[in-house]
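Reading the structure
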Amino acid sequence: MTGQDLMAGMHCRNIAFLDSAFQLREVSVGFAKQFDCRPADLVGTDFTCMFGPDHEMVLLGLCLSLQRTGDGVFREHLVVRRGRVRQVLGVVVRAVQGGFVASAHPSARPHAGFTLSAANARILERVAEGRTADQIAADLDIGEQSARNRIAAVLAQFGETSQSSALSKAYAWGVLDPSVWPPRVVPARSCPSPSVWTKAG
């Protein structure tokens, strides 16, 4: 089956056809919607660069591996940023005659690729301890309004406005260590620096 065969009727699916240089040549409306674009805006885009520099080399390596074998498939969970909003997409790329077919759908694992700065980790730990914004402000030597803003920013990273909901996600996603008190953010083994926590997909 060729990529063109798979692209027939693509208007109702979230797929795109990539040529042998990994450039998007045909893009469905559903695929483009995952990136808040029109299909024409994505045609000619290098697929390996669509998810930012953090994923570019990994995607390039996976695509080159598919290209060498001429057969196969790979799946990844990748983060797409739209301004301050972050969404994790499940991406599948399959080698077909004449190129590749890629699909992108909202991931069932929204926490894949989750990151938390050291400053936000300190805020999360104090929220998990049950500290108020006043107490957090005093602990971190910042203003009360700054503490409130930073708490709201941390909650937003979990897609929540409620502290209890954000804490539930933090424990469920493995961000907070459930075996220690006071609560602590789990350090990432693969973290490039001690200032950032990264949850592996």
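All residue numbers refer to positions counted from 1 along the written sequence of the respective chain. Confidence filtering applies because this is a predicted model: local features only for residues at pLDDT of at least 70, side-chain atom pairs given and counted only at 80 or more, and all residues used for totals across whole chains, interfaces and linings. The side-chain values count all of the structure's non-hydrogen atoms but skip hydrogen atoms and water molecules.

Note: pLDDT gives the predictor's confidence per residue, expressed from 0 to 100. Of all residues in the protein chain, 81% attain a pLDDT of 70 or more, and the chain-wide mean is 81. We call two residues contacting when some pair of their heavy atoms lies within 4.5 Å. Every residue in residues 189–201 scores below 50 in pLDDT, and together they form 26 contacts with partners more than four places removed in sequence or on other chains.

What follows deals with the packing of aromatic side chains. For this analysis, a ring pair means two rings from Phe, Tyr or Trp (six-membered ring only for Trp) whose centres lie within 6.5 Å, classed as stacked if their planes differ by under 30 degrees, edge-to-face if by over 60, and tilted for the remaining angles. Overall, the coordinates contain four aromatic pairs when judged by the stated rule. Considering the side-chain rings of Phe22 and Phe100, the 5.4 Å spacing of their centres and the 45 degrees angle between planes classify their relative orientation as tilted. Here Phe22 is found in the loop between β1 (15–18) and β2 (24–27), whereas its partner Phe100 is found in strand β5 (residues 99–106), with 78 residues between them in sequence. The residues Phe22 and Phe100 share a single accessibility class, namely buried. Ring centres of Phe31 and Phe35 lie 5.3 Å apart, and the angle between their planes is 40 degrees; on these two criteria the pair is classed as tilted. With a 1.4 Å probe rolled over the protein chains alone, any residue whose accessible area is under 20% of its type maximum counts as buried; one over 50% counts as exposed, and the rest are partly exposed. Note on Phe31: relative accessible area 1%, which makes it buried. The structure contains a cluster of three or more aromatic residues connected by ring pairs, namely Phe31, Phe35, Phe47 and Phe51. The helix count covers DSSP runs of H or I at least four residues long, the strand count covers runs of E at least two residues long, and both are numbered beginning at the N terminus.

Attention shifts here to the pairing of β2. Strand pairing requires that DSSP identify at least two bridges connecting the strands. Where β1 meets β2, three bridges bridge the pair, whose relative direction is antiparallel. Bridged to Phe17 within β2 is Glu26.

A few words on the pairing of β5. Taken across its eight residues, β5 has six buried, putting it largely inside the fold. Bridging between β1 and β5 involves four bridges; their strand directions are antiparallel. Across the sheet, Phe17 pairs through a bridge with Val101, a residue of β5.

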